Structure formats: structure tokens, C-alpha cells
Amino acid sequence: MTRPTLRPHLCLLPLALLAATATPAAPIQLPTQTVLGASDDAHELSLPLARSTLFLDQQPATHLGANLSESLQRVPGLLALNRQNYAQDVQISSRGFGARAQFGVRGVRLLQDGIPLTMPDGQGQPGLFDLDNLYRIEVLRGPLSSLYGNASGGIINIITKTPEQSRGTQVNLQSWADDAYRNNLIHAGSVGDLDYSIALGMRGAKEWTSADILPQEEDEYSMRYAAFKLIYHIEPTRSVSLGARYSDAENVISRVCNPKTTFVFARFDQRDFWARVFYNGHRKDFWDHAYGVDDRNSEVELYKSLRRGKHTISLGAHAKHTQWTVSALEDVTDLDGNPVSKGTSEKHSVDDVAVNIENEYRYTEKLLLVLGGRGEHYSALDYIGLGRASLIYLLSPDQSLRITWANGYSLPSLFQHTNEGTAYPFALGNEDVVEEKIESCELAYFGNLWNRLTLRAAMFYNEYRDLIDNTQMGPVENTADAQQVGGELSLDYQLTKWLNVFASYAWQETEHDDFEDYTIDPKNKVNAGLRLHHGRLHGML
């Protein structure tokens with residue numbers, strides 16, 4: 001296949017031309033850089049990325065809180081599928097990234113309150129999100145690897161309610177068709193300078209509603225969890241947080257998976273600085289308890305923001321250690337019929353260390369240049385260097401035009417990289433497989449017109465290299481390159497003080513030099529509706 005003549009780094013040419021023609025202005029004090037923060041339009045005018053924000057009161061009346069697919073359908077360029085089975089985790093793809101993941105979410109980084117729920121190799125589990133205590137969802141699209149590492153398709157950050165927002169006691173009991181239910185108890189309060197919240201919950205459903213099901217698909221899916229959060233306010237701009245969550249699920253993806261997950265975090269916040277430590281443990285048995293996997297991930301992360309005249313500089317660093325063990329829990333056989341004894345196991349580990357820097361430079365009152373870079377060492381591969389550049393031009397106080405170039409990557413999963421088949425003979429790994437790579441350029445517009453219409457539009461081009469063939473048996477290989485062009489358009493118009501109409505459209509076209517006719521994402525996606533907001537009354541159609 002003949003490659004397109006357009007190269008992503010040509011997007012830097014308009015950046016250079018605009019910068020060369022602008023007139024320097026006096027120094028301007030910039031606000032604190034916030035990538036995942038408030039969703040006000042003034043801030044979005046100067047964001048160097050595509051963002052969508054969904055609040056709890058903007059969810060449809062039929063929202064059951066069973067999984068993220070109910071909430072994310074409105075986001076242009078994002079596809080969220082519940083796989084027609086609430087027992088199986090939702091499949092999420094952003095501009096094509098993640099569509100080829102057979103389990104979990106890949107290529108899109110998952111965060112909850114800024115805490116990563118994605119392993120260093122990019123495998124994420126949306127089922128870990130605390131949807132019972134949801135406040136808002138931030139979705140960032142496009143390559144963000146220079147800031148977040150393994151995030152070639154973007155970021156989904158679930159912001160939960162603070163103990164102050166959840167103050168009091170809530171009891172929720174819900175049930176609907178197919179034996180589905182969702183029950184929880186949430187209590188929050190304060191003792192002096194300490195805010196606290198505790199939550200207990202469970203949910204479940206039939207795995208499949210089709211009459212033609214296999215015997216192993218007749219069991220019902222269920223999940224139980226317990227969580228707490230503590231926030232101690234040292235002073236108005238300084239706090240310490242501690243939280244933990246444990247969940248125990250059965251019959252996820254039929255009898256394939258029965259996961260038990262623990263995560264614990266501690267975080268220190270003050271103006272322009274935060275530090276956190278995090279632990280995530282994920283144990284599961286699958287295939288009728290024949291095999292087991294134990295994943296453990298620990299990490300430390302730091303962030304500092306500095307202001308120097310017209311510059312706002314963001315510095316970040318993190319260190320992670322992940323280990324996983326796969327075991328035979330029963331006497332089984334390999335693909336050649338050879339016996340594998342109960343207790344046979346293999347263990348692997350990987351380390352990931354990175355530093356990143358980003359500079360926001362206000363060249364004039366209307367022109368903002370953002371440059372960022374990241375250096376990373378992933379022990380299963382080698383050193384990785386990344387960059388990002390954005391030029392933002394304010395057409396008016398309510399409109400902006402943005403040009404962005406970035407590169408990113410998506411790491412192979414731990415199974416894809418290391419599984420030798422000693423205990424689990426399927427999904428064999430390949431130590432020679434390398435990370436998928438992407439270069440991207442984007443032209444975007446944002447406008448808040450007449451105080452009634454919010455309009456967002458974007459055109460993007462992505463070039464992929466070393467795409468991984470996600471075969472079930474393995475060993476996996478880097479087999480394909482691809483090119484993608486697409487566009488997104490969304491609007492939100494205020495009809496009256498209490499009624500809004502919204503609509504979005506996304507289009508993308510992808511060409512591969514392998515995978516034959518493998519479908520990545522729908523070429524077209526349309527979403528529209530009405531949103532009611534009158535006092536404490538909220539609804540959506």
C-alpha cells in the first residue's frame with residue numbers, strides 16, 4: 001500500500017508561521033496549569049487538547065450505573081460498548097485506540113480522582129471505577145503520552161464526590177430486567193478538619209439474555225465492594241488524603257474470570273504541588289478455576305508547577321514496579337497434550353521510570369505556545385522519548401483555534417511480552433515485540449457563541465507503526481502500520497434557561513497494510529438529545 005504523502009510533523013509548519021507573525025506582549029501571569037480540572041469555558045479556550053466533561057446531572061433518566069457505556073455515548077470520537085453483557089467489562093476506544101483489545105481497555109488511560117487504574121503496560125479495568133459515587137467524568141482525546149505515559153488514545157478520569165459533597169447517609173436500592181440489581185450504602189461526614197466517607201455496595205445481573213447460551217454462561221454475575229476516603233485539611237491550600245477500595249466479583253466474562261481487586265492510595269496536596277503513592281493488587285482465577293493470575297502494582301508520582309513571567313512550567317516524575325504470577329490451580333494439559341501439574345507457575349516483573357516537562361508560554365495576549373517532552377525507561381523494552389507541541393490562538397474572548405502535534409505509544413501487555421506458557425499455554429508472549437507508536441496532528445476550534453451555543457470541532461490525522469496482532473493463542477507480533485484521518489463536531493445550544501439541545505458527530509477512516517478488513521471503529525457516529533435542568537429537577541432524553 002502506498003503511504004500518504006502527508007506527514008504528521010508537517011503540522012508544525014503552521015505553528016512556526018503563526019509564531020513568526022505575532023507581536024510579543026507584556027508578561028502575563030498565567031493561572032495554575034490544570035490538565036484535568038475545572039470544566040469552565042474560559043479554561044477550555046487555552047487547553048492544548050480535546051476535552052469533554054460529563055456531570056452526574058447530565059446523565060439520562062435511564063442511567064443505571066451498571067458500567068461506563070451508559071455515560072460515555074455522548075462523547076464524540078469515543079466508542080463505549082457494554083458487549084451486550086453487563087458481566088463483561090465495557091470495551092472503550094478513542095479515535096480507534098482500544099478497539100482491538102480483547103479484554104479490559106488498552107490505549108486509553110483510566111484514572112479515578114487522578115489515581116491510575118491502568119497498569120504500566122496499558123491494561124485497564126473500567127469495572128474498578130466507583131460509579132456509585134460519581135460526580136463528573138473528564139475525557140481527553142488524542143495522544144497524551146508526553147504527560148501520562150502509556151496513553152496513546154487519551155484519558156478517562158472519573159471524579160468522585162468529596163466527603164463534603166456526599167455529606168449524610170444514602171441508601172440506594174435498584175433492580176431492573178434480567179435479574180439485574182444495584183444496591184449501595186454511602187455515609188459521609190466531618191470531624192473537625194477531617195472529612196470522611198465510607199461506602200458498601202453490590203451489583204449483579206444475568207450474564208446473557210439470549211436463549212442460546214452455553215452451560216457456563218448460565219451463572220449470574222455479581223460484584224461486592226467496600227471503600228473509604230479520608231481528607232485531612234492541614235490548612236485551606238494544603239491537605240492529606242488516604243483511601244482504599246476492595247472488590248470481589250464472580251463470573252465475569254462467563255466463568256472465565258473471578259477477580260478480587262484491592263487498591264490503596266495516599267496523597268499530599270498543596271498549591272502547585274502534589275505527591276502520591278499507590279498500590280493496586282488484582283487476583284483472579286479463570287476457566288472454571290483452572291488457572292490464576294496475581295498482578296501487583298506499586299508506584300510513586302510527583303508533580304510541581306512553576307510560574308516565571310510569561311511561562312508556566314510543569315514538572316512531573318514517577319516510578320512504578322509491577323509483578324505478575326500465572327499459576328495452574330488444577331492439573332491441566334498444554335496444547336500438545338502434555339501434563340501441567342497443579343501449582344506450576346511463572347513469575348515476571350517490570351519497572352517503569354519517567355520524567356516529563358511541559359512549558360506554557362504566552363507569546364502575546366492572543367497566542368499561547370505549549371511545548372512538552374517526556375523521557376521514560378520501561379525495563380521490558382528500553383528508553384522511550386516523546387514530545388508534544390500546541391499553538392493556541394484566541395480569535396476572540398470566546399473563541400480559540402488550536403494546532404497540535406504529538407507522538408505517543410501503547411505498550412504490549414505483560415502477557416503479550418512475557419508469558420512463556422509454562423503454566424498457561426494460551427496467549428503466548430514474545431519478548432521481541434515492541435510498543436505500538438503513533439504520530440498525530442490536529443486542528444481544533446472551540447467557541448462559546450452568543451452565551452447560548454458551545455461549539456467544538458476538530459480534524460485529525462494519525463499515523464501508526466508496529467501495531468500488535470492481538471491473537472488469542474500467540475505469540476504476538478508487530479505486524480501492521482496504519483493511517484487514519486477523522487473529524488469531530490459537537491454543539492450544545494441553550495433553548496431556554498432550563499432546556500438545552502445537544503448533538504455530536506464523529507467520522508474516521510482507517511487504512512491498514514495488514515489485518516485485511518479488520519474493523520477498528522464505526523466510520524460514523526451520531527448522538528443527539530435534550531437536557532432539562534430546572535432547580536433540583538434534572539432529566540435527559
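Analysis parameters
Residues numbered from 1 in each chain as written. Predicted model: local features only at pLDDT ≥ 70, side-chain atom pairs only at ≥ 80, totals over all residues. Heavy atoms only, no water. Helix = DSSP H or I, 4+ residues; strand = E, 2+ residues; numbered from the N terminus. Buried < 20%, exposed > 50% of the residue type's maximum accessible area, 1.4 Å probe, protein only. Contact = heavy atoms within 4.5 Å. Areas by Shrake-Rupley, 256 points an atom, 1.4 Å probe, with all protein chains shown as cover. Salt bridge = Lys/Arg side-chain N within 4 Å of Asp/Glu carboxyl O. Polar contact = N/O pair within 3.5 Å; in protein donor to acceptor, adjacent residues only side chain to side chain. Pairing = 2+ DSSP bridges. Core = buried A, V, L, I, M, F, W, Y, C linked by side-chain atoms within 4.5 Å. Patch = residues over 30% accessible without salt bridge, like charges linked within 9 Å, V, L, I, M, F, W, Y side chains within 5 Å. Phe/Tyr/Trp six-rings, centres within 6.5 Å; stacked < 30°, edge-to-face > 60°. Lys NZ or Arg CZ within 6 Å of the ring centre and 35° of its normal. pLDDT = per-residue confidence, 0-100.

Novice: It is not clear to me how the overall build of the chain should be interpreted in this structure. Could you clarify?
Specialist: The helix and strand inventory of the chain stands at five helices and 28 strands. Split into buried and exposed, the 541 residues of the chain put 54% on the buried side. Restricting the contact set of the chain to residue pairs at least 6 apart, pairs at least 24 apart contribute 59%. Approximately 24000 Å² of the chain is accessible, and the part contributed by carbon and sulfur atoms is 57%.

Novice: What should I look at first to understand the pattern of salt bridges in this one?
Specialist: Where charged atoms from two side chains of opposite charge approach closely, those side chains can pair. Under the counting rule described, the total for this entry stands at 18 salt bridges. Two residues, Asp-269 and Arg-267, come together in a salt bridge whose shortest N-O distance is 2.8 Å. Here Asp-269 and Arg-267 have matching classes, each one buried. Lys-437 serves as the salt-bridge partner of Asp-466, at 2.8 Å between the closest nitrogen and oxygen. Of this pair, Asp-466 sits in strand S24 (residues 453-468) while Lys-437 sits in strand S23 (residues 436-449), and the two are 29 residues apart along the sequence. A single salt-bridge network, built from bridges that share partners, covers Arg-224, Asp-248, Glu-250 and Lys-260.

Novice: Please explain the environment of Thr-262 as it appears in this structure.
Specialist: Take Thr-262: it is sitting in strand S13 (residues 258-270). Accessibility expressed as a relative area gives 28% for Thr-262, which makes it partly exposed. Placed 19 residues apart in sequence, Thr-262 and Gly-281 show a C-alpha to C-alpha distance of 5.0 Å. Among all residues touching Thr-262, those that are not within four sequence positions of it are Arg-245, Tyr-246, Tyr-279, Asn-280 and Gly-281.

Novice: Please clarify how the side chain of Arg-374 should be interpreted in this entry.
Specialist: Tracing the backbone through its elements, the reader meets Arg-374 in strand S20 (residues 367-378). A distance of 3.2 Å separates the side chain of Arg-374 from the side chain of His-318, its partner in a polar contact. Not counting residues up to four positions away in its chain, the partners in contact with Arg-374 are Ser-145, Ser-146, Leu-147, Tyr-148, Gly-149, His-318, Ala-354, Val-355, Asn-356, Ile-384, Gly-385 and Leu-386.

Novice: What exactly am I supposed to notice about the side chain of Asp-269 here?
Specialist: Mapping Asp-269 onto the fold places it in strand S13. Polar contacts involving the side chain of Asp-269 include one to the side chain of Arg-267, which spans 2.8 Å. Setting aside anything within four residues of it in sequence, one finds Asp-269 in contact with Thr-237, Arg-238, Ser-239 and Trp-274.

Novice: Can you help me understand the pairing of strand S6 (residues 134-141) in this one?
Specialist: A regular strand carries its side chains on alternate faces of the sheet. In terms of burial, S6 is largely enclosed, as seven of its eight residues are buried. As defined by bridge partners, S6 adjoins strand S7 (residues 154-160) across seven bridges and the pair is classed as antiparallel. For Arg-141, the partnering residue across the bridge sits in S7 and is Gly-154.

Novice: I'm lost on the pairing of strand S22 (residues 399-410) in this one. Help?
Specialist: The buried fraction of S22 is high, at ten of twelve residues. In this sheet, S22 lies alongside strand S21 (residues 383-396) in antiparallel orientation, the contact comprising eight bridges. Within the sheet, the bridge partner assigned to Ala-389 lies in S22 and is Trp-405. Counting the residues that bridge the hairpin from S21 to S22 gives two residues. As defined by bridge partners, S22 adjoins S23 across twelve bridges and the pair is classed as antiparallel. In the strand pairing of S23, Tyr-409 is matched with Lys-437.

Novice: Looking at this model, I keep getting lost on the sheet that holds strand S5 (residues 115-116). Mind explaining?
Specialist: The sheet built from five strands is open, its strands ordered S1-S6-S7-S4-S5 with mixed pairing. The open sheet is flanked by strand S1 (50-55) and S5, the only strands paired with a single partner.

Novice: Please clarify how the nonpolar core should be interpreted in this entry.
Specialist: Soluble globular proteins tend to pack their nonpolar side chains together in the buried interior. If you look at the biggest cluster of nonpolar residues, it comprises 22 residues, and the most contacted ones within it are Leu-72, Leu-78, Ile-92, Ile-137 and Ile-156. Elements with a minimum of two residues in this core: strand S2 (78-81), strand S4 (108-112), S6, S7 and S13. For this core, the element with the most residues is S6, which contributes three residues. Those residues in contact with Leu-78 that sit more than four places away from it in its chain are Leu-72, Ile-92, Ser-93, Ser-94, Val-139, Ile-156 and Lys-525. In terms of nonpolar packing, the next biggest core, distinct from the first, is built from 18 residues, Ala-290, Val-326, Tyr-409 and Leu-414 among them.

Novice: What is the right way to read the environment of Gly-281 from this model?
Specialist: Looking at the element boundaries, Gly-281 is found in strand S14 (residues 273-286). The buried category is assigned to Gly-281, whose relative accessible area is 7%. Distance in space between the C-alpha atoms of Gly-281 and Thr-322 is 9.7 Å, their sequence separation being 41 residues. Excluding anything up to four places from it in sequence, Gly-281 contacts Lys-260, Thr-261, Thr-262 and Asp-295.

Novice: Would you take a moment to explain a nonpolar patch on the surface for this structure?
Specialist: A cluster of nonpolar side chains, namely Tyr-393, Leu-395, Leu-401, Leu-443, Met-459 and Val-485, defines an oily patch on the protein surface of about 460 Å² accessible area. By the secondary structure assignment, Leu-395 is in strand S21.

Novice: Looking at this structure, I do not really get the packing of aromatic side chains. What am I missing?
Specialist: What characterises a pair of aromatic rings is the spacing of the ring centres plus the angle enclosed by the ring planes. Throughout the structure, instances matching the rule amount to five aromatic pairs. Aromatic side chains Phe-268 and Phe-273 sit 6.4 Å apart centroid to centroid with 55° between the ring planes, which places their arrangement in the tilted category. By relative accessible area, which is 24% here, Phe-273 ends up partly exposed. Lying across the ring of Tyr-225, Arg-245 places its NZ or CZ 4.2 Å from the centre.

Novice: Please explain the environment of Gly-385 as it appears in this structure.
Specialist: Looking at where Gly-385 falls in the secondary structure, it is placed in strand S21. Overall, the relative accessible area of 59% leaves Gly-385 in the exposed class. The spacing of Gly-385 and Asn-356 is 29 residues in sequence and 9.9 Å in space, taken between C-alpha atoms. Setting aside residues up to four positions removed in sequence, Gly-385 forms contacts with Arg-374 and Asn-407.

Novice: Is there a simple way to think about the confidence of the model for the chain in this case?
Specialist: Regions with low pLDDT carry predicted coordinates that are not meant to be interpreted in detail. On average, residues of the chain score 79 in pLDDT, and 77% of them are at 70 or above. Low pLDDT (under 50) marks residues 1-41, which in the prediction has 99 contacts with non-local residues, meaning those over four places away or in another chain.

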